[in-house]
Amino acid sequence: MTEERFTSHTYIESGYHYPYQVVINQYGCPDTSWQQIYVIPHTTIYIPNAFTPDAGNLNSFWQPQIYDTKAFKVWVFDRWGEVILYSEDEHFYWNGNSPAGGPAPDGVYIYKIWWIDIDTELEHEKHGHVTLLR
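Described in the following lines is the structure provided in the data block.

How each quantity is defined
Residues numbered from 1 in each chain as written. Predicted model: local features only at pLDDT ≥ 70, side-chain atom pairs only at ≥ 80, totals over all residues. Heavy atoms only, no water. Helix = DSSP H or I, 4+ residues; strand = E, 2+ residues; numbered from the N terminus. Salt bridge = Lys/Arg side-chain N within 4 Å of Asp/Glu carboxyl O. Contact = heavy atoms within 4.5 Å. Buried < 20%, exposed > 50% of the residue type's maximum accessible area, 1.4 Å probe, protein only.

**Description of unusual backbone geometry**
- For Asp68, which is not glycine, the phi dihedral falls at a positive 65 degrees.
- Counting through the fold element by element, Asp68 comes out in the loop between β7 (65-67) and β8 (69-77).
- Phi is positive for Glu121, close to 60 degrees, though the residue is something other than glycine.
- Here Glu121 lies in the loop between β10 (107-117) and β11 (123-132).

Given below as structure tokens:
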């Protein structure tokens, strides 16, 4: 029998959650308890630094993960500073194609991500690069 006295769980998204716990005493009698909790919004962002669109199902597109924003914008630039992708959808992804529809060449691309935090309503901006490998 496993005995865990202190357990924890991390919630990625804010909002209402309903965790439950099942315990069994030394006689094998189970009991269940649940509690409604509210996770306060806090913007979380993860941005991959490389992807391989032609290498099967693994890392086949570039998609920053961002949660709990009030507004969101993303730009991807080529090495000449031309915008090759723009979106205001925080669930967007880039499949490695150029604006003309064909595959974009291997290389390093620059991104700019702008958002408004839902909790503090402050504006934030993040710049970086992503490598496209075919």
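What follows picks up the thread again.
**Focus: the pattern of salt bridges**
- Taken as a whole and judged by the stated rule, the model has three salt bridges.
- Note that Glu125 and Lys112 form a salt bridge whose closest N and O atoms lie 4.0 Å from each other. In this pair, Glu125 is assigned in strand β11 and Lys112 in strand β10, connecting sequence segments 13 residues apart.

**Describing the environment of Pro30**
- You can see Pro30 is positioned in strand β3 (residues 30-34).
- Ignoring sequence-local partners within four residues, the contact set of Pro30 consists of Val23 and Ile24.

**A few points about the environment of Lys126**
- You can see Lys126 is positioned in strand β11.
- The partly exposed category is assigned to Lys126, whose relative accessible area is 36%.
- The sequence separation of Lys126 and Pro53 amounts to 73 residues, and the corresponding C-alpha distance is 24 Å.
- Residues within four places of Lys126 in sequence aside, it is in contact with Ile47, Tyr111, Lys112, Ile113 and Trp115.

No statement about biological role is implied by the geometric values presented.
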